[in-house]
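# Descriptive structure summary
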Amino acid sequence: MCGIVGYTGKQKAAPLILEGLKRLEYRGYDSAGVAVPAGDHFNVAKKTGRVANLETIAARHKLLGHCGIGHTRWATHGGVTDANAHPHVSSDGKIALIHNGVIENFTSVKKFLLEKGFTFQSETDTEALCNLVAYHYAKEAMVEGDSRLLESVRKTLRHIEGTYGIVVLSLDMPDELVCARKGSPLILGIGDGENLVASDVSALVSRTQNVVYLKDGELARLTPDSFSLSTINEGEIEAVIDTVTWSITDAEMGAYAHFMEKEIFEQPLALENTMRGRFSEDGSTALFGGLNLSAAEFRQIDRFMFCACGTAWHACLVTEHLIERFARVPVEVDYASEFRYRNAPLHPNTLFFFMSQSGETIDTLAALREAKRKGFRVLAVNNVVGSTIARETDGGIYQHVGPEIGVASTKAFTSQLLIGAMMALYIGRMRDMSFSDGAAYVAALKGAPDLVRTVLQQAPHIRKIAERFSTYTDMLFLGRLSLFPIALEGALKLKEISYLHAEGYPAAEMKHGPIALISERCPSVFFVTKGEMFPKVVSSMQEVKARKGLIIAICTEGLELPDGLADELIVIPDCHEAVLPIVATIPVQLLSYYIAVNRGCDVDKPRNLAKSVTVE
Ligand code: F6R
């Protein structure tokens, strides 16, 4: 959840680290800090609050070195204080360290270190890790030159239980960084006369596009002109250098007020990128290059199981609906955090999919490992190339929507919906879906970006509706079938960025309890579509109206609602069932965004949240 940056090279380290931290702030943002070696001590600046606060105090410190480390924190052990912010310096003053993750045996490590005379300034588990490196570093005094810090870190990690991405500095080797990972992402940036390390590619791409994705159990040693990789238990290993396909402008806000706004409006392009090159030549089915499963093998699957968290879990629910509807294969969806402990009985011929934008969500990763341990084939849907989940699966589908920086997921969600729809088509065409139905389905998916564009054009209208509802404290989101998960997503978006209380339900479930909330102070957002659900949803709306509840209706075009039933109306295009969830998502994203802006909320960095949840 925290952001990590390290730099060694010819430039002044601190300004580059601060720039990198700003790009990582979306990963965690309760405090930030930077450290550079300065002769016989480390120069450390750290401060609670945003990176902007750190920048102000960093200017007062003399952060002049050409090598350094920086961190943005999302608190786990210990409150949000300056003392608990990273970097931490060992009590003998020799080692500085930043850490993302949780050290599970920190109590016993701390006890050991206290007995050895080390002292502690913070309540963090990280400081125990830092002092333990210093303890081993002192013991490794006989190790000559280059490998002393590396060997100390290696020895330390053999005694550590838990998860970590760490970067370590020593005073004796002021241009050397040693880093290691287990469970928390770390990426090396290989530059020209400079090398970097970060927890996220976005902090590196302004300096280099050549990267090395560290794997669990690996350590790296970086100097300005060299880098080497080894494992915790063994010696050196060879590094594979990858090239990042996006540039720094993809991670910039441009003319938009927030990343979330940019990412909402980017969705037509994101959808085009997700489906590019993924339809058969005859235009009747989808193609997925990376599944590593032949059509014959795929055809044999009896059941699909989808695991994910948060917004990605909502995308799985829509996918369940579409696969069951169009391919007639049973699908189960589970929260990854529940699946990993539930020990559910599983049909032997089940294929697993793990959906995760970041590919780093620890619960999703743990669920994947659990399914793999049980001998199942596991596939993933990820946006971040080279992420841990992407690397640990047997195959998968990349979303190709570019970096998603806003903490509230938007373009990654609609792209996941699109991939779910394409999977339903792919599986359906292997079974009973006809050529002409497949061709109509493909044509509908290809038209989705333009339909999204037409809904985005209604932004000024939705903004006005948001003005009316910004002062309310509760809201219900109600939809049926494939739009029930969109109701959940609408409620989640509103909750997380505007701090309004919101809940999503299948519209008919409202009368089994949530109806007690309805009053003139609790408005409801209804998704209204044609077909057999239309009269049912209208009845639910009448029940709300009878209790003086205000209604925002998101309604497909061509439907006539009874007079006065909707207090506000947002008309969306009538479209293919596979595209409808994507199109219906746009109004609730815009509604939440404008309500949050009206309420003065920090849209891109909502309180208590972090973009990828890498702790349990
Ligand atoms: C909400 C949101 C989260 C994520 C969840 C899973 O807007 O972004 O609910 O969807 O933390 O993240 P990924 O998809 O990275 O596994």
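Residues numbered from 1 in each chain as written. Predicted model: local features only at pLDDT ≥ 70, side-chain atom pairs only at ≥ 80, totals over all residues. Heavy atoms only, no water.

Here we take up unusual backbone geometry. With omega at 0°, the peptide bond leading from His86 into Pro87 counts as cis. As for its placement among the helices and strands, Pro87 is situated in the loop between strand 4 (67-73) and strand 5 (88-89). Here Arg328, not a glycine, exhibits a phi torsion of approximately 55°, which is positive. Tracing the backbone shows Arg328 in the loop between helix 9 (310-326) and strand 17 (331-335). We note that Asn343 has phi near 50°; this positive angle belongs to a residue other than glycine. For Asn343, the location among the structural elements is in the loop between helix 10 (336-342) and strand 18 (350-356). Asn343 gets classed as exposed once you look at its relative accessible area, which sits at 56%. (Helix = DSSP H or I, 4+ residues; strand = E, 2+ residues; numbered from the N terminus. Buried < 20%, exposed > 50% of the residue type's maximum accessible area, 1.4 Å probe, protein only.)

This paragraph deals with the pairing of strand 17. In this sheet, strand 17 lies alongside strand 16 (residues 303-308) in parallel orientation, the contact comprising five bridges. Paired with Met305 across the bridge in strand 17 is Glu332. Assessed by its sense of winding, the connection that carries the chain from strand 16 through helix 9 to strand 17 is right-handed. (Pairing = 2+ DSSP bridges. Right-handed = clockwise from strand over helix to strand, strands pointing away.)

Bringing the packing of aromatic side chains into the picture now. The full count for this structure, using the stated rule, is 14 aromatic pairs. An aromatic cluster is built from Phe288, Phe298, Phe304, Phe306, Phe353 and Tyr426, whose rings are joined through pairwise contacts. If you follow Lys110 out to its NZ or CZ, it ends over the ring of Phe120, 4.8 Å from the centre. One residue, Arg325, lies across the ring of Phe326, its end atom 4.6 Å from the ring centre. (Phe/Tyr/Trp six-rings, centres within 6.5 Å; stacked < 30°, edge-to-face > 60°. Lys NZ or Arg CZ within 6 Å of the ring centre and 35° of its normal.)

Counting 96 residues, the largest nonpolar core has Phe298, Phe304, Phe306, Ile323, Phe353 and Leu445 as its most contacted members. Both domain 2 (253-446) and domain 3 (459-616) contribute no fewer than three residues apiece to this core. Among all residues touching Phe298, those that are not within four sequence positions of it are Leu291, Leu293, Phe304, Leu351, Phe353, Tyr426, Ile427, Met430 and Arg431. Formed by 36 residues, the second largest nonpolar core is a distinct cluster that contains Tyr29, Val51, Val201 and Val205. (Core = buried A, V, L, I, M, F, W, Y, C linked by side-chain atoms within 4.5 Å. Domains from an automatic or database assignment. Contact = heavy atoms within 4.5 Å.)

Quick look at the pattern of salt bridges now. Where charged atoms from two side chains of opposite charge approach closely, those side chains can pair. For the structure shown, the criterion picks out 30 salt bridges. Of the charged contacts, one joins Glu55 and Lys22 as a salt bridge, the two residues approaching to 3.0 Å between their closest N and O atoms. On the criterion of sequence distance, the pair formed by Glu55 in helix 2 (residues 51-58) and Lys22 in helix 1 (residues 13-24) is long-range, its members being 33 residues apart. Among the residues examined, Glu55 registers a relative accessible area of 32% and is labelled partly exposed. Where Arg369 meets Glu392, a salt bridge forms, and the shortest distance between an N and an O atom there is 2.7 Å. One end of the pair, Arg369, is in helix 11 (residues 362-373); the other, Glu392, is in helix 12 (residues 388-392), and 23 residues separate them in sequence. For Arg369, a relative accessible area of 32% corresponds to the partly exposed category. Here the salt bridges share partners, and the residues they tie into one network are Arg181, Asp216, Arg369 and Glu392. (Salt bridge = Lys/Arg side-chain N within 4 Å of Asp/Glu carboxyl O.)

The next thing to look at is the sheet that holds strand 17. The strand order across the open sheet formed by five strands is 17-16-18-19-20, and the pairing between neighbours is parallel. The sheet is open, and its two borders are formed by strand 17 and strand 20 (395-398), each paired with just one other strand. Taken pair by pair, the neighbouring strands of this sheet meet at an average axis angle of 20°, ignoring direction. Where strand 19 (residues 378-382) meets strand 20, four bridges bridge the pair, whose relative direction is parallel. Across the sheet, the residue bridging to Asn382 is Tyr398, located in strand 20. Where helix 9 meets the sheet, it contacts strand 16, strand 17 and strand 18, and its direction lies at approximately 170° from that of strand 17. Packing against the sheet, helix 11 makes contact with strand 16, strand 18 and strand 19, and its axis sits at approximately 165° to strand 18. (Axes fitted to C-alpha atoms, helices over the stretch in contact; angles between N-to-C directions.)

Next up on the list: the domain arrangement of the protein chain. Domain boundaries in the protein chain define domain 1 (3-247), domain 2 (253-446) and domain 3 (459-616). The C-alpha-based centres of domain 2 and domain 3 are spaced at 24 Å. In this assembly, 44 residues from domain 2 lie in contact with 36 residues from domain 3. Carbon and sulfur atoms supply 68% of the area buried between domain 2 and domain 3, which totals about 3100 Å² over both sides. The interface formed by domain 2 and domain 3 holds one salt bridge in total. In this structure, the connection of domain 2 to domain 3 is made through eleven residue pairs in polar contact (both at pLDDT 80 or more). A total of ten residues in the side of domain 2 that touches domain 3 trace back to one element, the largest contributor, which is helix 9. (Buried area = accessible area lost by both parts, 1.4 Å probe. Polar contact = N/O pair within 3.5 Å; in protein donor to acceptor, adjacent residues only side chain to side chain.)

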